[in-house]
Amino acid sequence: MAGMNTKSGVVYDARGLVEPDPEPPMTAVIDGDTAVIDATDLTTRKINLELKRIVYDEGVNEVTIVNPGSKHSLGVGILKRCKLTFEGSPGWYACGLIDGPEVQINGRVGWALGENMMSGSIVVEGPSGSLTGAALRGGDLVIKGNVGARTGIDQKGGTIITMGSAGINTGFMMQRGHQIICGDANDGLGDSMYDGFIYVGGKIASLGVDCVPAEMTDEDHEFINRKFAIYDLGTPPDFNKFECGKVLHNYDALEPSERKLVL
Amino acid sequence: MCGIAGIIHRDGAARIGDELTAMLNSMKHRGPDSTGYAIYGPADEMVIVRFVLAEPNDFTGFGMDEKLERNRAEVESRLAKIGAEVATIQNETGYAFRATIRYGGDLKPLADYLEDIPGCKVLSLGSSLEIIKDLGDAYTVHDQYGLAKVSGTHGIGHVRMATESDVDLASAHPYWAYPFADVAVVHNGQLTNYHSWRRRLERMGHRFQSECDSEIIAVYLAQQLENGLPLETAMKHSLDDFDGVFTYLVATGSELGIAKDEMAAKPLVLMETENLVAMASEEIAIRALVGTEVETRDPFEREVLTWQV
């Protein structure tokens, strides 16, 4: 297809679509069931095609992506158990829509890490932008730095562990799952949440609408200790627990079976 | 969605035209409509005037050349009348001009007098600031205006995706904080109380060049500076006075600052080293500048930060 070349090397077709009909670049260095992809000169689409090729077709279980260069949407849509390591920082929407991979990111990430992730784990050594774990459905996200605003917005499951501090409206409209924040949380914590639990180790600027303090139980301690042990995060600090006050969304007007459907 | 970027070199002037272009080009996906730069070179005793005499879209047409020539002569004549001695006038693109003048008077009457000429818009006035903006992506504007030659100590830039107003040069960023020398603003976001603030500021005697909501930030800050407030305080006030979502950068001859709204709805990534401070909507732009992995952070909501250059 006739394309328009630009200075960045990305080809667009007449409709403005980026890189129509691309092929995997076949540049990964495969050694048994491990492989290395150098992302330096590859576009987002080429990196993801190469990644899918070696994970699905070549049966590689451990992939290291070097020089990700903060490119967006890397490692999305991998639906297989495997180990992915990023040596460096991917950009926005990293590892969204994944189901199974165990991801290690030796860098930082931009906005919307692990969006709609189904299962697996993502560990980020640096900070993360806003919308971390948006609509997360399962699996664990561990961010060792700070996270931006609206972490776990619309979260429907899974666990988000933040070792640093969190921005405004953390857990906004959260529907299920857990968030563990070791640092401080800014205004509007758990605003309009439906369900799930948020644990905060530091100070809270203010609680959002219908987010209320709750008692820590033995189960909570066991859960937090277990997660900290899995990811080798040291001794957990003392946490305050928050949950939904259940007065905002007409909970009383629903039968328990309907409530389950809504959630 | 728009992309913004800023650089401060603490160890003297660098090829900031090329650097900002690389940053802005990497964020082309955030806005391909127009690109703009506010670049601060070494302060000069001359006043630098950047102005346009037509919109690029209106540039062709019957009699346009004669009209531009007439208006250019009118600019020179008016500069002479107001007591400015013209050292150079360069024609950059046919409709965009750069003049250096010797002028010790007040900048407001100068700007007003020039803008009274039909089609004339003063993009920037100051002893070190130059605002360059036009339609197209970063490399288009870079090549058109010869930015490879431009060096400076600090600067801000913008790639625009038009949401609230037209795709034209008048709505392109950065905006000069008329009539304050050397103050420029770029903005990513939407301001929802634009009209009420515009009416308020117009009653105070400020002029607007465009229908773009972002222009209000430049004019608002100019008004605050006129009231004698330091830049940082003025920026803090803006967080309470503006409704909507925004991250904006503002630069003066000696300072550069960022402000982020209370919702943290618009992104910004910040890198700070001993000799270089760089900020951009996305980290990919910082990587376009430094090339290697660097430590960066995202400012939180309601953060206002300023740096002395």
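As the structure is a prediction and not an experimental result, all values here were calculated from the model. (Residues numbered from 1 in each chain as written. Chains lettered and ligands numbered in written order. Predicted model: local features only at pLDDT ≥ 70, side-chain atom pairs only at ≥ 80, totals over all residues.)

A. Representation of the overall build of chain A. The number of helices and strands found in chain A is three helices and 14 strands. For chain A, buried positions account for 44% of its 263 residues. (Helix = DSSP H or I, 4+ residues; strand = E, 2+ residues; numbered from the N terminus. Buried ≥ 20, exposed ≤ 12 C-beta atoms within 10 Å, placed from the backbone.)

B. Seen up close, the sheet that holds strand β14 (residues 276-280) of chain B. All names here are of chain B. Ordered in space as β7-β2-β8-β1-β14-β13, the six strands form an open sheet in which the pairing is antiparallel. The sheet terminates laterally at β7 (129-135) and β13 (269-272), the two strands that pair on one side only. For this sheet, the mean inter-axis angle between neighbouring strands, taken without regard to orientation, is 5°. With four bridges joining them, β13 and β14 adopt antiparallel strand pairing. Within β14, the residue paired with Glu-272 across the bridge is Val-277. The strands touched by helix α8 (residues 283-290) are β1 (3-9), β13 and β14; relative to β14, the strand with the most contacts, the crossing angle is about 145°. (Pairing = 2+ DSSP bridges. Axes fitted to C-alpha atoms, helices over the stretch in contact; angles between N-to-C directions. Contact = placed C-beta atoms within 7 Å.)

C. Here's a closer look at the pairing of strand β9 (residues 140-143) of chain A. Residue and element names in this part refer to chain A. Across the two faces of β9 the burial is the same, with Asp-140 and Val-142 and Leu-141 and Ile-143 all buried. Across four bridges, the pairing between strand β8 (residues 119-124) and β9 is parallel. Bridge pairing in β9 links Ser-121 to Asp-140. Strand direction decides the pairing type here: β9 and strand β10 (residues 156-162), joined by four bridges, are parallel. Among the inter-strand pairings, Val-142 is bridged to a residue of β10, identified as Ile-161.

D. Molecular detail of the nonpolar core. All names here are of chain B. Among the nonpolar cores identified, the biggest contains 87 residues, and Trp-176, Ala-177, Ala-184, Val-185, Leu-221, Leu-249 and Ala-280 are the most heavily contacted of them. When residues of this core are assigned to their parent elements, the largest contribution, seven residues, is made by helix α6 (residues 215-226). When residues of this core are assigned to domains, at least three map to each of domain 1 (3-38 + 137-308) and domain 2 (44-127). Beyond its immediate chain neighbours, meaning those up to four positions away, Ala-280 contacts Ile-4, Ala-5, Met-23, Met-27, Val-269, Ala-285 and Ile-286. (Core = buried A, V, L, I, M, F, W, Y, C linked by C-beta atoms within 7 Å. Domains from an automatic or database assignment.)

E. The arrangement of the sheet that holds strand β15 (residues 304-308) of chain B in detail. Residue and element names in this part refer to chain B. Taken in spatial order, the five strands of this open sheet run β9-β10-β11-β12-β15, and their pairing is antiparallel. Here the strands that pair on one side only, and so sit at the sheet edges, are β9 (175-176) and β15. Of the strands in this sheet, β9, β10 (184-191) and β11 (244-251) are in contact with α6, which crosses β10 at around 125°. Where helix α7 (residues 231-241) meets the sheet, it contacts β11, β12 (255-260) and β15, and its direction lies at approximately 15° from that of β12.

F. Quick peek at the domain arrangement of chain B. Residue and element names in this part refer to chain B. Domain parsing of chain B yields domain 1 (3-38 + 137-308) and domain 2 (44-127). In this structure, domain 1 and domain 2 have C-alpha centres spaced 24 Å apart. In this complex, domain 1 contributes 13 residues to the contact, which on the side of domain 2 involves 15 residues. Its residues assigned to classes, the side of domain 1 that touches domain 2 shows eight nonpolar, three polar and two charged. (Nonpolar A, V, L, I, M, F, W, Y, C, P; charged D, E, K, R; others polar.)

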